[in-house]
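# Summary of structural features
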Amino acid sequence: MNTSEPNGGAIRKIVIVGGGTAGWMAAAPLAQRLARNPARGAASPCEVILIESPEIGTIGVGEATLPTIRFYNAALGLDRADFVRKTKATFKVGIDFQDWGHVGNRFFHGFGGYGPTLGKYPSHMYWLRMAKEFDNMPSLENWSISSVMAREMKFTPPTDATPSVTDAYSYGFQFDAGLYANYLRDYAVERGAERIEGMIVEVEQHPESGFITAVKLRDGRRIEGDLFIDCSGFRALLMEGALKAGYDDWSEQLPCNSALAVPCASSGPLTPYTRVTAKDSGWVWRIPLQHRTGNGHVYSNAFTSDEAARRVLLDSIDGAALDEPRQLRFVTGRRRKSWYKNCVAVGLSAGFVEPLESTSIHLIETAVGKLLELFPDRDCSPALADEFNRFMGIRYESVRDFIILHYKLTKRDDSEFWRYCANMRIPDSLRHQIELFRETGRVAVYDPHSFAEPSFVAMLMGLGVMPKRYDPFVDQADIRQVHGHFAGLRDMVAQTVARMPGHEAYLATQLQ
Ligand SMILES: Cc1cc2nc3c(=O)[nH]c(=O)nc-3n(C[C@H](O)[C@H](O)[C@H](O)COP(=O)(O)OP(=O)(O)OC[C@H]3O[C@@H](n4cnc5c(N)ncnc54)[C@H](O)[C@@H]3O)c2cc1C
């Protein structure tokens with residue numbers, strides 16, 4: 001170690017491999033904070049280089065997000081209206097589930113809770129008590145403001161008037177993946193990131209440490225670096241190709257391994273939500289953008305043919321197809337290490353869980369945020385890598401379990417695929433979550449920074465799990481008071497939503 005650099009020496013050159021959503025989402029905050037640019041002068045002598053191959057291109061999907069995208073955008077200082085304009089975005093208050101659990105079932109997973117609650121206990125506990133006392137109790141969704149907004153096709157951003165119905169919801173965006181990557185590319189390049197076009201054909205490693213020292217391009221160029229970020233997509237060029245990190249395959253419990261994606265012309269009003277409809281051997285998505293609708297069919301080719309899957313997709317779209325369906329294959333799972341030596345995998349190179357709850361971009365935000373928090377010196381302390389891998393492992397596994405839940409709780413027996421899902425083995429962690437809720441109405445949240453209690457309640461109850469009992473402390477409240485609170489709140493939710501602008505009308509205010 002150089003004694004004049006007591007921390008092991010600052011990183012001087014970061015090389016990002018890949019210019020898809022992950023690559024540019026990594027490049028933008030690194031350029032913002034570190035890149036050498038005229039404004040910063042010599043104070044931060046770090047180069048941020050991104051290499052991408054237009055010949056290979058990007059995966060070209062990934063258009064629905066979770067609310068956390070707003071925090072990522074805000075940290076970059078992006079102007080919301082500018083972002084909405086340039087990425088052709090719409091607003092998203094949750095996901096509309098159709099035919100999940102059983103054919104004909106419909107429920108909404110809204111972003112936000114069922115509040116404000118009455119006392120110290122979660123709203124759904126009071127609702128469960130009332131459902132036991134009163135016949136024909138209206139669905140809990142009536143107290144989820146985001147669900148009511150979706151039903152009424154309304155949108156306005158929440159206020160900070162805590163605690164009130166007007167801040168009991170959240171929102172994300174649905175955007176054009178290519179435009180978002182371009183938007184972040186311009187941002188990063190303006191702040192000093194350098195973009196290189198080229199095809200990487202070789203990865204060089206230090207003979208003793210195994211650290212990556214450089215990547216070689218087909219045209220002979222050699223790009224050296226101190227820290228490499230692998231955003232090369234499913235190829236995982238550095239993390240698997242060079243470093244052989246290994247992969248945990250989760251396809252036994254998440255059997256979908258294929259997708260077909262096709263854009264179609266917009267039709268009907270713009271929904272402030274993504275729709276996911278269960279099909280015989282998977283499900284189809286519908287993501288409305290300003291200029292088109294994104295559609296896709298996620299399925300298992302062990303249970304249906306690609307041609308049959310294509311027909312299911314084309315039958316489900318509600319506008320003229322704008323292209324031929326594009327075929328994608330994947331293996332659900334996670335790279336055993338997403339930080340190894342001087343390389344960090346971000347995006348599809350780190351793992352993939354199908355996009356049913358739009359979690360992949362969220363996992364990119366998480367990885368980029370954690371990398372900044374644990375930013376290494378040139379020696380890339382293994383302790384930092386261990387902490388990164390520990391944290392990301394918890395996040396990936398909590399997302400995995402949440403998605404398995406959607407399949408496991410099905411009562412559908414109309415196809416071999418659904419019978420497989422109903423009978424498959426599931427992780428003990430998820431089995432415990434389901435049993436705890438079924439028996440007591442309580443939710444075990446393993447990862448407090450991922451899906452929160454109201455999300456589990458929406459999915460478990462939406463899929464037909466009605467808890468046998470509720471928290472006994474809830475019985476201490478006077479039932480007339482509980483009833484009054486809920487009746488008043490339901491009216492307030494309905495009135496608040498009635499005053500909101502329609503989604504399209506609000507969107508128009510952002511486009512002026
Ligand atoms: C069917 C499907 C639907 C999805 N829907 C959603 C969704 O709704 N919401 C969500 O959050 N996520 C979704 N995702 C995930 C999302 O698409 C990805 O997380 C996101 O696009 C990031 O991809 P990436 O940047 O890791 O990889 P890619 O987009 O594949 O980018 C890889 C980059 O690496 C470059 N590259 C590769 N090899 C080389 C080489 N040898 N030399 C130089 N460059 C190279 C490529 O050129 C490209 O620039 C979906 C994924 C699938 C499969």
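This write-up is about the structure you can find in this document. All residue numbers here refer to positions counted from 1 along the written sequence of the relevant chain. Since the coordinates come from a predicted model, pLDDT governs what is reported: local features require at least 70, and pairs of side-chain atoms require 80 or more to be given and counted, while whole-chain, interface and lining totals use all residues. Side-chain metrics in this entry use all non-hydrogen atoms of the structure; hydrogen atoms and water are not considered.

Attention now goes to the overall build of the protein. Only DSSP runs of H or I with at least four residues qualify as helices, and only runs of E with at least two residues qualify as strands; both kinds are numbered from the N terminus onward. The secondary structure content of the protein amounts to 15 helices and 21 strands. Referenced to the eigenvectors of the C-alpha coordinate spread, the extents of the protein come out at roughly 75 × 50 × 50 Å. Expressed as a percentage of the 512 residues in the protein, the buried residues total 56%. Entry remark: accessible area of the protein is about 21000 Å², with carbon and sulfur atoms responsible for 51%. Positive residues here are Lys and Arg, negative ones are Asp and Glu, while His and the chain termini are left out of the count. The location of each charge is read from NZ of Lys, CZ of Arg, CG of Asp or CD of Glu. A distance of 1 Å separates the average location of the 57 positive side-chain charges in the protein from that of its 61 negative side-chain charges. Accessible area is worked out with a 1.4 Å probe on protein chains only. A residue is then buried under 20% of its type maximum, exposed over 50%, and partly exposed in between. The protein chains shown are the only cover counted for residues, whose accessible areas, like all others here, come from Shrake-Rupley with a 1.4 Å probe.

On to the site of the ligand. Whether a residue is near a molecule or strand depends on its heavy atoms: it is near if one of them lies within 4 Å of it. Every one of the 34 residues lining the ligand counts as a neighbour, but Gly 19, Ala 64, Ile 200, Leu 348 and Ile 361 are closest to it. Between an oxygen atom of the ligand and a main-chain N or O atom of Thr 21, the distance comes to 3.4 Å. Those elements that provide at least two residues to the shell around the ligand are α1 (21-34) and α9 (360-373). Ranked by the residues each element gives to the shell around the ligand, the list is headed by α9, at 3 residues. The nonpolar class holds Ala, Val, Leu, Ile, Met, Phe, Trp, Tyr, Cys and Pro. Asp, Glu, Lys and Arg form the charged class, and all remaining residues, Gly among them, are polar. Counted by class, the shell around the ligand contains 17 nonpolar, 14 polar and 3 charged residues. The term polar contact refers here to a pair of N or O atoms within 3.5 Å; inside protein, the definition further demands a hydrogen-donor-capable atom paired with an acceptor-capable atom, and it admits residues adjacent in sequence only when both atoms are side-chain atoms.

We now examine the nonpolar core. We define a nonpolar core as any set of buried Ala, Val, Leu, Ile, Met, Phe, Trp, Tyr and Cys residues linked to one another through side-chain atoms lying within 4.5 Å. Counting 154 residues, the largest nonpolar core has Ile 14, Ile 16, Trp 100 and Tyr 407 as its most contacted members. Among the elements that take part in this core, helix α10 (residues 382-408) stands out by supplying 11 residues, more than any other. Residues contacting Ile 14, with those up to four places away along its chain left out, are Leu 30, Leu 34, Cys 46, Glu 47, Val 48, Ile 49, Leu 227, Ile 229 and Phe 375. Whether two residues are in contact is decided by their heavy atoms, any of which lying within 4.5 Å being enough.

Glancing now at the pairing of strand β9 (residues 212-217). Inspection of the sheet shows strand β8 (residues 200-205) paired to β9 by 5 bridges, in the antiparallel sense. By the bridge assignment for β9, Val 203 is matched with Val 215. Hairpin connection from β8 to β9: 6 residues lie between these consecutive antiparallel strands, with Gly 210 at a positive phi of about 80 degrees. Here the rule is simple: two strands pair whenever DSSP picks up at least two bridges between them. The pairing of β9 with strand β10 (residues 222-224) spans 3 bridges and is antiparallel. Bridge pairing in β10 links Lys 216 to Arg 222. Here β9 folds back onto β10 in antiparallel fashion, the turn holding 4 residues, of which Gly 220 has a positive phi close to 100 degrees.

In this section: the state of the cysteines. In a disulfide, the sulfur atoms of two cysteines are covalently bonded to one another. Two cysteine sulfurs form what is called a disulfide whenever their separation falls within 2.5 Å. Within this structure, the stated rule accounts for 0 disulfides. Here Cys 256 stays free of any disulfide, with the sulfur of Cys 421 as its closest cysteine sulfur at 7.1 Å. Cys 343 supplies the cysteine sulfur nearest to Cys 380, a cysteine that is in no disulfide, at a spacing of 9.4 Å.

On to the side chain of Lys 370, then. Take Lys 370: it is sitting in helix α9. For Lys 370, the residues in contact, after removing those within four places along its chain, are Phe 388 and Phe 391.

Right, let's talk about the packing of aromatic side chains for a bit. Aromatic rings from Phe, Tyr and Trp, taking only the six-membered ring of Trp, are treated as a pair when their centres fall within 6.5 Å; an angle between ring planes under 30 degrees marks them as stacked, one over 60 as edge-to-face, and anything in between as tilted. Evaluated as defined, the whole model comprises 30 aromatic pairs. Between Phe 91 and Phe 173 the ring centres are 5.6 Å apart and the planes differ by 45 degrees, which places this aromatic pair in the tilted class. Here the residue Phe 91 occupies a position in strand β3 (residues 90-92), and Phe 173 occupies one in strand β6 (residues 172-174), the gap between them amounting to 82 residues. Across the pair, exposure class does not vary: Phe 91 and Phe 173 are buried alike. Measuring from ring centre to ring centre gives 5.5 Å for Trp 100 and Tyr 407, while their planes differ by 75 degrees; the resulting arrangement is edge-to-face. Within this pair, whereas Trp 100 is found in the loop between β4 (94-98) and β5 (106-110), its partner Tyr 407 is found in helix α10, the two being separated by 307 residues in sequence. Residues Trp 100 and Tyr 407 agree in their burial class; the two are buried. One aromatic cluster is present, built from ring pairs that chain together Phe 83, Phe 91, Phe 155, Tyr 171, Phe 173, Phe 175, Tyr 180, Tyr 183 and Tyr 506. Lysine and arginine charges are scored as sitting over a ring when NZ or CZ, respectively, is within 6 Å of the ring centre and within 35 degrees of the ring normal. The ring of Tyr 340 has Lys 337 lying over it, and the distance from NZ or CZ to the ring centre is 4.2 Å. Residue placement shows Lys 370 over the ring face of Phe 391; its charged tip is 4.0 Å from the ring centre.

Note on definitions: salt bridges are taken to be side-chain nitrogens of Lys or Arg within 4 Å of carboxyl oxygens of Asp or Glu. Under the definition given, this model contains 36 salt bridges. By sharing partners, the salt bridges in this structure join Glu 202, Glu 204, Lys 216, Arg 222 and Glu 224 into a single network.

Attention now goes to helix α11 (residues 416-423). Among the residues making up α11, those that are buried are Phe 417, Trp 418 and Cys 421. Projected onto a plane normal to the axis of α11, the buried residues spread over an arc of 90 degrees and lie on a single side. Across α11 from its buried face, at more than 90 degrees, point the exposed residues Glu 416 and Asn 423. Each C-beta atom gives one direction from the helix axis, and the arc is the one those directions make.

Our focus in this paragraph is the packing of α1 against helix α2 (residues 69-76). All axes here are fitted lines through C-alpha atoms, helices being fitted over the stretch that makes contact, and every angle between N-to-C directions spans 0 to 180 degrees. Taken N-terminus to C-terminus, the directions of α1 and α2 make an angle of 35 degrees; their axes are 10 Å apart at the nearest point. When you trace α1 past α2, the crossing you get is left-handed. For the pair α1 and α2, the contacting residues are Trp 24, Met 25, Ala 28, Pro 29 and Gln 32 in the first and Ile 69, Tyr 72, Ala 75 and Leu 76 in the second. Of the residues assigned to the contact of α1 with α2, the class counts are 8 nonpolar, 1 polar and no charged. Each crossing is labelled by how the near helix is turned from the far one, with a counterclockwise turn of less than a right angle marking it left-handed and a clockwise turn marking it right-handed.

Ordered by their spatial adjacency, 7 strands build an open sheet running β5-β4-β14-β15-β16-β13-β17, and the pairing between neighbours is mixed. One side of each edge strand has no neighbouring strand; the edge strands of this open sheet are β5 and β17 (326-329). Taken pair by pair, the neighbouring strands of this sheet meet at an average axis angle of 20 degrees, ignoring direction. Sheet topology places β4 next to strand β14 (residues 274-279); 4 bridges connect them, and they run parallel. Looking at β14, one finds that Ile 95 is bridged to Thr 274.

This part is about the sheet that holds strand β12 (residues 247-249). The antiparallel open sheet is built from 3 strands, whose spatial order is β12-β18-β21. Either end of the sheet is taken by a strand with one partner, and the two such strands are β12 and β21 (351-352). Of the strand pairs in this sheet, strand β18 (residues 333-335) and β21 are connected by 2 bridges, and their pairing is antiparallel. Across the sheet, residue Gly 333 finds its bridge partner in β21, namely Phe 352. Sitting on the sheet, α10 is in contact with β18 and β21, with an inclination near 175 degrees to β18.

Structural measurements only, silent on function.
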